[in-house]
Amino acid sequence: LAKTTQPISMDSYEGQEVNITCSHNNIATNDYITWYQQFPSQGPRFIIQGYKTKVTNEVASLFIPADRKSSTLSLPRVSLSDTAVYYCLVGEVVLNFGNEKLTFGTGTRLTIIP
Amino acid sequence: DSGVTQTPKHLITATGQRVTLRCSPRSGDLSVYWYQQSLDQGLQFLIQYYNGEERAKGNILERFSAQQFPDLHSELNLSSLELGDSALYFCASSVGREGHDEQYFGPGTRLTVT
């Protein structure tokens, strides 16, 4: 399984750029990297997904180096409402059996300070 | 609102009992995923169904079972409940069958076993 490792927690001030890194040393060739955001007592919500290099959408950027053993979620100019837990998800596909194992990271609790 | 509905919202039951959690996916989504989230275990993938068939299995106990019906709603059955089964149970859905597809999470069912 592609085990993932993230920092347990991070603090940042409003208006700053926040970068959260996820390590996934055993990532497989067919795996995508997906990040989710979760507020207390709510289901996770999709933020961004990538396979390699850089992906950007209206809320975040995702940087993936050439070896794909890590990825960095970048949140520009955070606000108090970005306080949440951020999960890195790596999907592993076992092609022979079509059996996909999904591995969520432990999550990073991001706290934005006014 | 993700479009995924889960019932009930809260469930309190005693050890040894059996419960059924229900999930209705977003309209048009064929995949349903079940996750367990407890305080000390993070977000754990349990099982995935795609168009009525089991597609992937994660850390699902033998006391737990699930199914997806022809109308695509899904039920997660938990039996011989133990105190350690107390957790938030999330259902998610996606259009395709690949785990890396964007998943839309429901609000969750909070199960308390006493």
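See the structure shown above.
Below is a summary of the structure that appears in this document. Quick caveat, the model's predicted, so the values are computed rather than measured. (Residues numbered from 1 in each chain as written. Chains lettered and ligands numbered in written order. Predicted model: local features only at pLDDT ≥ 70, side-chain atom pairs only at ≥ 80, totals over all residues. Heavy atoms only, no water.)

### Looking at the packing of aromatic side chains
So, step 1. Considering all chains together, one arrives at seven aromatic pairs over all chains under this definition.
So, step 2. Taking the centre distance of 5.3 Å and the plane angle of 55° together, the rings of A:Tyr32 and A:Tyr51 count as tilted. Residue A:Tyr32 is found in the loop between strand 2 (18-23) and strand 3 (33-38), and its partner A:Tyr51 is found in the loop between strand 4 (45-50) and strand 5 (53-56); the two are separated by 19 residues along the sequence.
So, step 3. Ring centres of B:Phe64 and B:Tyr89 lie 6.5 Å apart, and the angle between their planes is 75°; this geometry places the pair in the edge-to-face category. Highlighted residues: B:Phe64 in strand 7 (residues 64-68) and B:Tyr89 in strand 9 (residues 87-94), separated in sequence by 25 residues.
So, step 4. Accessibility expressed as a relative area gives 5% for B:Phe64, which makes it buried.
So, step 5. Lying across the ring of A:Tyr51, A:Arg68 places its NZ or CZ 4.0 Å from the centre.
So, step 6. The side chain of B:Arg26 reaches across the aromatic face of B:Tyr104, ending 3.6 Å from its centre. (Phe/Tyr/Trp six-rings, centres within 6.5 Å; stacked < 30°, edge-to-face > 60°. Helix = DSSP H or I, 4+ residues; strand = E, 2+ residues; numbered from the N terminus. Buried < 20%, exposed > 50% of the residue type's maximum accessible area, 1.4 Å probe, protein only. Lys NZ or Arg CZ within 6 Å of the ring centre and 35° of its normal.)

### Some points on the state of the cysteines
Residue and element names in this part refer to chain A.
So, step 1. Counted under the stated rule, the structure contains two disulfides over all chains.
So, step 2. Shown here is the disulfide that connects Cys-22 with Cys-88, its sulfur atoms set 2.2 Å apart. Judged by the sign of its S-S torsion, about -75°, the bond between Cys-22 and Cys-88 is left-handed. Taken together, the positions of Cys-22 in strand 2 and Cys-88 in strand 8 (residues 84-94) put the pair 66 residues apart, joining distant regions of the chain. (Disulfide = S-S within 2.5 Å.)

### Here's the deal with the pattern of salt bridges
Where charged atoms from two side chains of opposite charge come close, those side chains can pair.
All names here are of chain B.
So, step 1. Here the structure, examined in full by the defined rule, presents three salt bridges over all chains.
So, step 2. Linking Arg-26 and Asp-29 is a salt bridge whose minimum nitrogen-to-oxygen distance equals 2.8 Å.
So, step 3. Note on Arg-26: relative accessible area 21%, which makes it partly exposed.
So, step 4. When the shortest N-O distance is used, the salt bridge between Asp-85 and Arg-63 registers 2.8 Å. Within this pair, whereas Asp-85 is found in the loop between strand 8 (74-78) and strand 9, its partner Arg-63 is found in the loop between strand 6 (53-57) and strand 7, the two being separated by 22 residues in sequence.
So, step 5. What makes Asp-85 buried here is its relative accessible area of 3%.
So, step 6. Taken together, the shared-partner salt bridges in this structure form one network comprising Arg-63, Glu-82 and Asp-85. (Salt bridge = Lys/Arg side-chain N within 4 Å of Asp/Glu carboxyl O.)

### Details of the sheet that holds strand 5 of chain A
Residues and elements named next belong to chain A.
So, step 1. Spatially, the four strands line up as an open sheet ordered 2-7-6-5, and their pairing is antiparallel. The two strands at the open ends of the sheet, each matched to only one other strand, are strand 2 and strand 5. In this sheet, neighbouring strand axes are inclined to one another by 15° on average, regardless of whether the strands run parallel or antiparallel.
So, step 2. In the sheet, strand 5 pairs with strand 6 (residues 61-64) via four bridges, with the strands oriented antiparallel. Looking at the pairing, Val-55 lines up with Leu-62 of strand 6. (Pairing = 2+ DSSP bridges. Axes fitted to C-alpha atoms, helices over the stretch in contact; angles between N-to-C directions.)

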